[in-house]
Structure formats: C-alpha cells, structure tokens
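# What the coordinates show
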Amino acid sequence: MRLDKLTPDQEALLPVIRDEWLAVGLSTERADRARAEAGVRAAYAAAKLPPPAIVVWLESPLQGVVGAEYLRLLLDRMAMGTGDQVRDQVWDQVGGQVEGQVRDQVGRAIWGQHEAGWLAYYAAIARFGLSDLTHPLDGITEVARSAGWWWSFRDAVLLTERPLRVQRDERNRLHAEDGPAIVYPDGWGVWSWHGVRVPREIIETPADQVTAEGIAGESNVEVRRVLVERIGAERYLALAKAKLVNRDDWGALWAIAAPVPMRIVELINSTPEPDGHSKRYFLRVPETRERRDADACVGCGASLAAVPGTAHQAVAWSYSSCTACYVPVVQT
Amino acid sequence: MNQPIRQGDVYLVPVDAIPAKITPVARDAGRIILAYGEVTGHAHAITAPEATLLSATDNARFLRIVGAGGATLTHEEHGAIAIAPGEYRVVIGREWTDAMSARQVID
C-alpha cells in the first residue's frame, strides 16, 4: 500500500492524533509499569533481541542519565533502524502534510523530553492504513504511552517515571513563577521562565531580595532579562541608581556609578510578544577607554567610539559597527 | 547592494567580497546555525541548500547565498527574514565585560 495524498477524513484526524500525542508528551500520571515493560519486550522483539532479563525503574531522567548514559547507543541504533525503514517508504509521499500539522506542534510543545514528537508522525501513518510499515515501532510507542525516559541495553532495561507536574504559559512554553516548571518524584526538575531555562534561585529568590549587582553579574543575557522582568525594569534601574545618558530611536543608554562603573544600553525587542509587550534587554557596553583588543567597524574598518555616547552608538558597538554601518533595514 | 539584516543577536552585513582563504562550516543536522540559545534551545537557522556558512582564518564568519531564490533566516521567537542572494559578514552581538574586553552575547 502506498499513501500519496491524505483524504479529507484523514486530514480531519490529524488534530485528533496531535492532541492525543500532546497528552502523551505532557502526561503527569504515574507510569503504567506493566504496560511499559510489555512495550519494552515488544520493542526488543522488533529489534530481534531477546527480552531484557533485568528491569530497573528509577524516579527521574537525572537518575536515569546517571545510571545509563554511557550505554544509550543501543537505543539510538534501534530507533534509527526501525525509523529509517518506515521513513524511506512513507516520508517523501506524505511527510510534508503530516509534518506540518503534527510533528512540529507536538515536538515544540513537549520540549524534546519524550518521543511523542516523532512517534505522533508514525502513529498518524499507522492510522492511515500503513500499520504494517510502522509495526516495528509498536513497542516503543507503548513505552512512550506509559512511562518517562528509558534506556535499553542488551540484557537490561532502565525505565523512569513521568513528571509529577508540568506547567506552561499561554504559549505552551515551560513556565512557573513559584518553583520548578517540571518536577519529578525524586525532586529533580527544571526551572523555567516563559521557556527560558534558568537556575533555581532565579525563580525562587523573592523579588525584594534581587539586587542590581546580582542582575549585572548574570552573564547570560536571557537569564538577566528574566531577573529584570521579575522585579520590573524601572525597579532595576532605580536599584542600580542608573542615570540616563541618552535616549534616541534605538533605545536608552544608562550610566551606573557603583559598585562598578558601567554603561548599559536598554533595547526593545523588534518582534513583540503575542500579548503586545516587547522584551527589554540590557546589554553592557564600554564605560572606559582602556582596551585589551583593538576595535574596528566590521563594515568600513573605521575605529569605533571608545565609549558610546548615544544609544545608537551603543547598539552599533554591540554589533561591532560604527553608526553609519549599523543600519539594519530588516529586523525581527 | 543587499540590505543589512538583523534578527535578535544576529546581524548580517552585505559585503562586496569575502576573504580568499576560507573554509565551509559543516551543517548541524542539515541546518546552518548562526547562533544558538543555550537556555532556550532556540536557534537562528537557515535550511536552504543554496546557503553556505564560511569561516575565515581569523574566525570571522561569512554567509554565501547562491541562486535566484535566496534563503530564509528563521528563529522560534523572531519573525522569519528573507535573505537575498549574495555574500554577508555574520556578526553576533557582543557586550562589554569587567576584563576590559568584549565577549559574544550568550543567551
């Protein structure tokens, strides 16, 4: 059998299959251990391997990684083997239609923690009458529907629990303002602010204990933005006793005197968020003429202003350009 | 001359010529990744086969786009941008540090 084009009925099924697999990917139910182990045996049979003699259950991906990382090669080989066999025969024919509607949406929503993203694709193919081709994936599919991460070895299998909680924002990005956005039974988890993975203290430090020094000392610009967002940009600038040097169409340039003299340029993201607000970033630019490295414009080779005096100079500096050469006509 | 393009931390400056001594950069799972966000997992990426990322001896990077159709620069949280055929210098945003020197912006 060959699938060249989806019928209207089949197309109508895609959102149903998508939602089914979103639920699989985001499930916080306790693992169905008997069903998962049956799936493991089926997966091993599909790979022409005897069922694993030893079955180990752990509480979280972290525990699983510690126990199994160095032997995950076998799982890769098995998934690739069965995947490719199916893929060659069905991917080109219907890949585009299914991928656009199912694969991407599920893949993005579950943040790659589970297999749901790509299994959804084959589940759809199976539903459309090509289950003979997708049959080798049945075991892996059963495990995905009933447990968390797992690792397979020739004579053993290591399976792990699903999370106790998964919290997301209105755009389906991992987000929790009071604790981990994902947490597993052993307490291991992921702290995330609107999809930006951050250290635990970034979320859990009370807003009134966040300091300007702490913000300036954060080296990752996204994590820094999260800290500023938590306390508010105005409060940050007030805490830092920032003085406005210049404001123009490009942003605002601020000077901070203590404890370390600094110049920071405040930039507004070109692509607004769906709710209409735009992310505000703070980037540090030179406040001194002292240099370790020479600094010339990548566009024209002219030397750059040692200490940017306007927001335009500051943003141009951040792209190694003079203001004449920093003229993005298109920006998002 | 093509137009300069900016998408988040990535700035593409059209150039007349690129250095003679230059090596192509291997793709990452079929994509050219101009910059990768380590805390978001997002990437400024190009999939078009017409695009090639090139690295000069001083580690400056250039983008070459051949053919008439151009390429598209995508990112999970920024609007997609069409890039016209031509050659570009790839500039990644940087910021100042206490060490009296600049480092690439990390996100």
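Residues numbered from 1 in each chain as written. Chains lettered and ligands numbered in written order. Predicted model: local features only at pLDDT ≥ 70, side-chain atom pairs only at ≥ 80, totals over all residues. Heavy atoms only, no water.

### Some remarks on unusual backbone geometry
For Ser320(A), which is not glycine, the phi dihedral falls at a positive 55 degrees. On the secondary structure map, Ser320(A) appears in the loop between α11 (311-318) and β13 (330-331). Positioned with a positive phi, Ala29(B) is a non-glycine residue whose angle comes to about 50 degrees. By the secondary structure assignment, Ala29(B) is in the loop between β3 (22-24) and β4 (32-36). (Helix = DSSP H or I, 4+ residues; strand = E, 2+ residues; numbered from the N terminus.)

### Here's the deal with the environment of Trp193(A)
Residues and elements named next belong to chain A. Tracing the backbone shows tryptophan 193 in strand β7 (residues 192-193). The buried category is assigned to tryptophan 193, whose relative accessible area is 7%. Once the C-alpha coordinates of tryptophan 193 and proline 180 are considered, the two residues, 13 residues apart in sequence, prove to be 9.6 Å apart. Those residues within four positions of tryptophan 193 in sequence are excluded, and the remaining contacts are Leu174, His175, Glu177, Ile203, Val226, Glu229 and Arg230. (Buried < 20%, exposed > 50% of the residue type's maximum accessible area, 1.4 Å probe, protein only. Contact = heavy atoms within 4.5 Å.)

### Here's the deal with the confidence of the model for chain B
Detailed reading of the predicted coordinates is not advisable wherever pLDDT falls low. Summarising the model, chain B shows a mean pLDDT of 91, and 100% of its residues fall at 70 or more. Predicted complex metrics record ipTM = 0.91 and pTM = 0.72. (pLDDT = per-residue confidence, 0-100.)

### A short note on the sheet that holds strand β2 (residues 150-152) of chain A
All names here are of chain A. If you trace the three strands from one edge of the open sheet to the other, you get β1-β3-β2, paired in mixed fashion. Unpaired on one side and paired on the other, β1 (54-58) and β2 mark the two borders of the sheet. Between one strand and the next, the sheet's axes are offset by a mean angle of 10 degrees, whatever the strand orientation. Taken together, the three bridges between β2 and strand β3 (residues 156-160) define a ladder with antiparallel strand orientation. Bridge pairing in β3 links serine 152 to valine 157. Docked against the sheet, helix α2 (residues 33-46) engages β1, β2 and β3, running at close to 140 degrees with respect to β3. The sheet contacts of helix α3 (residues 61-68) involve β1, β2 and β3, and relative to β3 the element is tilted by about 160 degrees. (Pairing = 2+ DSSP bridges. Axes fitted to C-alpha atoms, helices over the stretch in contact; angles between N-to-C directions.)

### Things to note about the side chain of Thr288(A)
Residue and element names in this part refer to chain A. With respect to the secondary-structure elements, threonine 288 resides in the loop between β12 (280-285) and α11. Residue classification places threonine 288 among the buried residues on the basis of a relative accessible area of 14%. Polar side-chain contacts of threonine 288 include one of 2.9 Å to the backbone nitrogen of glutamate 290. (Polar contact = N/O pair within 3.5 Å; in protein donor to acceptor, adjacent residues only side chain to side chain.)

### Let's talk about the interface of chain A and chain B
Buried accessible area, meaning the area lost when the parts come together, often serves as the stated size of an interface. Contact with chain A, which involves 44 residues of that partner, is made by 35 residues of chain B. Both faces combined, the contact of chain A with chain B buries some 3300 Å², and carbon together with sulfur accounts for 51% of it. A salt bridge links Glu77(B) to Arg173(A); the shortest N-O distance between them is 2.7 Å. The interface formed by chain A and chain B holds 19 residue pairs in polar contact (both at pLDDT 80 or more) in total. Secondary-structure elements contributing two or more residues to the side of chain A that touches chain B are β8 (196-197), α9 (221-231), β12, α11 and β13 of chain A. Class assignment of the residues belonging to the side of chain A that touches chain B gives a composition of 19 nonpolar, twelve polar and 13 charged. (Buried area = accessible area lost by both parts, 1.4 Å probe. Salt bridge = Lys/Arg side-chain N within 4 Å of Asp/Glu carboxyl O. Nonpolar A, V, L, I, M, F, W, Y, C, P; charged D, E, K, R; others polar.)

### Structural notes on the packing of α2(A) against helix α6 (residues 138-146) of chain A
All names here are of chain A. Orientation of α2 relative to α6, taken along the N-to-C sense of each, is 160 degrees, at an axis distance of 7 Å. With respect to each other, α2 and α6 are oriented roughly antiparallel. The handedness of the crossing between α2 and α6 comes out as left-handed. Of the residues in α6, those touching α2 at Arg35, Ala36, Gly39, Val40, Ala42 and Ala43 are Gly139, Ile140, Glu142, Val143, Arg145 and Ser146. When grouped by side-chain class, the residues that make up the contact of α2 with α6 number six nonpolar, three polar and three charged. (Parallel < 35°, antiparallel > 145°, perpendicular 65-115°, else oblique. Left-handed = near helix turned anticlockwise from the far one by under 90°.)

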